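Inside the fold
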Amino acid sequence: MASDKDKASEVSVITLGGKGSSLSSSSLYAIATGFASLRLDSSALDRLSPNQASPPVQSQFPIPKTLAPLELRAFLTVLLYKLLRCSDHSSTLLPIRISEALNRYKNSQTLELGSIELSKEEAALVDKLYPSGLFGVCAVLDHQSAALSAVSDAVAALSCEAIKADVAAVFNSMDSGDGFSAKEEVGVASDMKVLLNGSKLVGKVEIDSVSKIAKVHGSLREIVKLVHSKTRIELNSKDLGSGSGSDVRTVLYPLAAAINELGECSLSRVKANLDSIGNEGLRSSLVGLFEGKCASGESLRNGFKLVLELGFEKEYEKFVHQVNVLLGMVWKIVAWEAMTGFIALEGVEWSEKSGSSVEVNGGVGGGNVKGDKKGEKKKKVLLGKGTSVIVQLIKDRLQGKAGDGIEKWVEDLLLFLDPKDREFDSLLKKLKEIVETNESRRLPKLPKGTRDFAKEQMTIRKRAFSIIEDVFERHGATALDTPAFELRETLMGKYGEDSKLVYDLADQGGELCSLRYDLTVPFARYVAMNGLTSFKRYQIAKVYRRDNPSKGRYREFYQCDLDIAGQYEKMGPDFEIVKILTELLDELQIGDYEIKLNHRKLLDGMLDICGVPPEKFRTICSSIDKLDKQPFEQIKKEMVEEKGLSVETADEIGTFVKERGQPLELLSKLKQQGSKFLGHNGSVDALNDLEILFKALEVSKCIDKVVFDLSLARGLDYYTGVIFEAVFKGGAQVGSIAAGGRYDNLIGMFGAKQVPAVGVSLGIERVFAIMEQLQKDQSQLPRATKTEVLVSILGDDLTQAAELVSELWNAKVKAEYFVNKRVMKHIDRARESRIPWMVIVGEREMNEGIVILKDIEAAKEDKIPRSSLVEELKRRLNP
């Protein structure tokens, strides 16, 4: 059976020109590197002209002088492929001569075609196809950069372990679930987690070059895919005029930038790896080799600068060559990162094998040791499931070469990570297998627009829900729960243009149902269905919207609603709802906010005054409702071009919606003599309602939080009176955090009688985002458990733990137990969970009938009789 090395040395044969065939970057790369020989399809030769159209002339075939041998072979392969597809213009001679030259010189650093007799037509054709040959170099870059993308991820994972980087904070927070994360960045973070899964070496050190991995590597992935797509199209295009130099420049400029960025990031990690090697002699040797053999940051910058200059000067042959040179520099940097990461992780073992007198480190950042003392047990450090395989691959490559010295290791590893090395494809295949077959890769994913909440987040959420429920119940509201889905007919026609966001469930031959869009319509349905004439209720539940996820906008989220239905004193429920909202936002302590308030009748009056037809009121309201996100000019364009208003009408609307200010002051202005609103009955009613409301809010001392804003529209169809919206004014840009209003006709849509109602809905997800950010800014980590006591049994006796902790549970003490022989394991457990008290019981304590009661924060401990433990604990927990 042939070994991997024997298989790698085999030369494959690639046939060009067959019917329906295509040319790929990988095939072209195999030809360019000499890993594959060429064969011309006989049917392709048959299609070419047997005779030349005009007398031949002696012509030296144009060969680019600036291209390296591999680049030149790729260039000629593309020309050959294109010639085979131009049956009307080419004879068989030219393609045969090119293929013979490519096969003859496949392992040579030179390539000669000599003088070739070309007809005028062929000479013109070669000139026309010449620029497309540059896409042969693009194919080489495509193939190599795709390989670099995979290898650089694996190598970066080694560095994360070598330098004990904090990877949890970097890679676990990439996909927020709101659709705002870059796909390839999330993919890189996912692959890094696979490679580092189970690692005991990654730590808490925040390193800039590690925090950039997802962004920099993700950017390269994205651009490589674009390069691959464009190159594939150009290689196989039948258009003889395609593939100009400027096209090549457009494709490769972004790739060069991404490669350069990757190189700089990798170079930083090389230096960090070197710094992590604890032995001065070993580190000094490596630094000397690194500085002499690897590109510096300045060399990298100059190389990238030259790429930009050549592209700008339109010297396209030199341009593609220089991009390839830049790629080669970055490949070496990544290889050096692999070498330094490997030595930082495996220094002791390999220096011992080399027999070197140089003292080496005993692991990452370890002290200076010459090796283990005889009989001393070597401590095993756990690498990640992926990185351990990578380390073993490097060991296998260096097998039997440990005595060759560091310089030879470096040279061999540089070859190992060279795409032109015959064993490289085998390495690349194994790296992909690590990521694709690892069990972590098969874990399920969340749908876009949804999130999981960890224990720390749930602590914040539970505290917020508790505050909200307390405020609601303080005002006499009772709880209600309704189904997560309703009959489709219940929800349709209630949300205006937003009805398209309702999630419809699949029709399975029964009732047509949809997931609830909000909690207000189900509440109205419940009141009507049960014949209620008054009801003050609250509901905290999830709602669903088929929206495009964005920052702070999800497809599944909680709403916290309070609604008051029934006949009451004029504006009484409206006042209480706004007051409840101010109490909620104040007690949640999110910071500065304002409540924008308007009246739907005033809004309708404004539209009527401006000349908007009544049938367009709701659709124009939907446009006005976007003013907090878009400038008026954009809204005006929508109203005129899409919704059919005249420019004059739109401009007049613009003068009204600019009005906003202190409630009683703006109200006084709108009620002054000459106000257009006074001539409109609906507007007068609205102004009178608002006067009652504002005076009530003033005496309740919460009007300072309210802004009277005529631009507030609230796009939902069911509003009939007061409408309002709370907006956070702090640093986090989260938009609206609560909204509501009066809806006197909604309940009547479901029953025989109208029941007026008003309500508020708190956008709790955005409030959570603000609360989480505030805690982060204040460096406050929420305590995830309420555990007051950790019962620590020193040993392995579960019965002791069961007896003791059960006494505490029966006494309503929040307690956990832990059974382990090592005291520090218990203390670490208590500190990690921030448990304030420990009850420690070992063999001596059991024999003496006592326990040790330890105050973690004060670092004090007392001996307590076992029989009085519960009483003493309760006294200390409730002083």
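Parameters and conventions
- Along every chain, residues carry numbers that run from 1 in the direction the sequence is written.
- Reporting in this predicted model follows two pLDDT cut-offs: at least 70 for local features of residues, and 80 or more for side-chain atom pairs to be given and counted; totals over whole chains, interfaces and linings ignore these cut-offs and use all residues.
- Working from all heavy atoms in the structure, the side-chain values ignore hydrogens and water.
- Here a helix means four or more residues in a row that DSSP labels H or I, a strand means two or more in a row labelled E, and each is numbered from the N terminus.
- Exposure classes here rest on a 1.4 Å probe applied to the protein chains alone. A residue is buried below 20% of its type maximum, exposed above 50%, and partly exposed in between.
- Any two residues having at least one pair of non-hydrogen atoms within 4.5 Å are treated as being in contact.
- Two strands qualify as a pair provided DSSP detects at least 2 bridges between them.
- Here an axis means a line fitted to C-alpha atoms, over the contact stretch when the element is a helix, while the angle between two N-to-C directions is reported on a 0 to 180 degree scale.
- Every angle not falling under 35 degrees, over 145, or within 65 to 115 is termed oblique; those three ranges are roughly parallel, roughly antiparallel and roughly perpendicular.
- Left-handed is the label given to a crossing in which the near helix is rotated counterclockwise from the far helix by less than a right angle, and right-handed is the label when the rotation is clockwise.
- Under this grouping Gly is polar, as are all residues other than the nonpolar Ala, Val, Leu, Ile, Met, Phe, Trp, Tyr, Cys and Pro and the charged Asp, Glu, Lys and Arg.
- One less than the residue count of a helix, multiplied by 1.5 Å, gives the span that helix is expected to have.
- By construction, the arc corresponds to the directions joining the helix axis to the C-beta atoms.

Thoughts on the environment of P756
Within the secondary structure, P756 is located in the loop between β16 (736-742) and β17 (757-762). By relative accessible area, P756 is classed as buried at 12%. For the pair P756 and Q567, spaced 189 residues apart in sequence, the C-alpha to C-alpha distance is 6.6 Å. Residues within four places of P756 in sequence aside, it is in contact with I564, A565, G566, Q567, R742, Y743 and D744.

Notes on the pairing of strand β15 (residues 722-728)
Across the seven residues that make up β15, a large majority, seven, are buried. Judged by which residues are buried, β15 turns out to be covered on both faces: V722, F724, A726 and F728 on one side and I723, E725 and V727 on the other are all buried. Relative to β15, strand β12 (residues 593-599) runs antiparallel, the two being bridged by seven bridges. Following the sheet pairing, L597 is matched in β15 by F724. Alignment of β15 against β16, held across five bridges, turns out to be antiparallel. Bridge assignment links A726 to a residue of β16, and that residue is A738.

Quick look at the pairing of strand β2 (residues 36-40)
Among the five residues of β2, four are classified as buried, and the element is accordingly described as predominantly covered. Relative to β2, strand β1 (residues 12-16) runs parallel, the two being bridged by five bridges. Paired with V13 across the bridge in β2 is S37.

Notes on the sheet that holds β15
If you trace the nine strands from one edge of the open sheet to the other, you get β7-β10-β11-β17-β16-β15-β12-β14-β13, paired in mixed fashion. Both outer strands of the open sheet, β7 (478-479) and β13 (660-661), are each paired with one neighbouring strand and no more. As defined by bridge partners, strand β10 (residues 535-544) adjoins strand β11 (residues 556-565) across 10 bridges and the pair is classed as antiparallel. Along β11, the bridge assignment pairs Y544 with E556. Across the sheet, helix α22 (residues 572-587) touches β10, β11, β12, β14 (706-709), β15, β16 and β17, and the angle it forms with β17 is around 10 degrees.

What about the sheet that holds strand β18 (residues 789-794)?
Sheet architecture is open: five strands sit in the order β19-β18-β20-β21-β22, paired in mixed fashion. The strands lining the two open edges of the sheet, one partner per strand, are β19 (815-820) and β22 (860-865). When the angles between neighbouring strand axes are averaged without regard to direction, this sheet yields 25 degrees. Sheet contacts for helix α30 (residues 798-810): β18, β19 and β20 (837-841); angle to β19, the most-contacted strand, approximately 170 degrees. Helix α33 (residues 869-877) rests against β18, β20, β21 (850-855) and β22 of the sheet, and its axis sits at about 145 degrees to β22.

Brief notes about the packing of helix α23 (residues 600-610) against helix α28 (residues 681-699)
Axis separation between α23 and α28 bottoms out at 8 Å; the angle between their running directions is 150 degrees. If you check the angle between α23 and α28, you find them roughly antiparallel. As α23 runs across α28, the sense of the crossing is left-handed. Residues K601, L602, G605 and M606 of α23 pack against G682, S683, A686, L687 and L690 of α28. Of the residues belonging to the contact of α23 with α28, the class tally is five nonpolar, three polar and one charged.

Concerning α28
Between its terminal C-alpha atoms α28 stretches 28 Å, which fits the 27 Å expected from 19 residues at 1.5 Å a residue. Those residues of α28 lying buried are S683, A686, L687, D689, L690, L693, F694 and L697. Taken around the axis of α28, the buried residues stretch over an arc of 165 degrees, which confines them to a single face. Exposed residues pointing more than 90 degrees away from the buried face of α28 are listed as N681 and V699. Among the structural elements, α22, β12, α23, α27 (663-670), β14 and β15 are those in contact with the buried residues of α28. Taken from the residues just after α28, K701 is the one with a positive phi, measuring 60 degrees.

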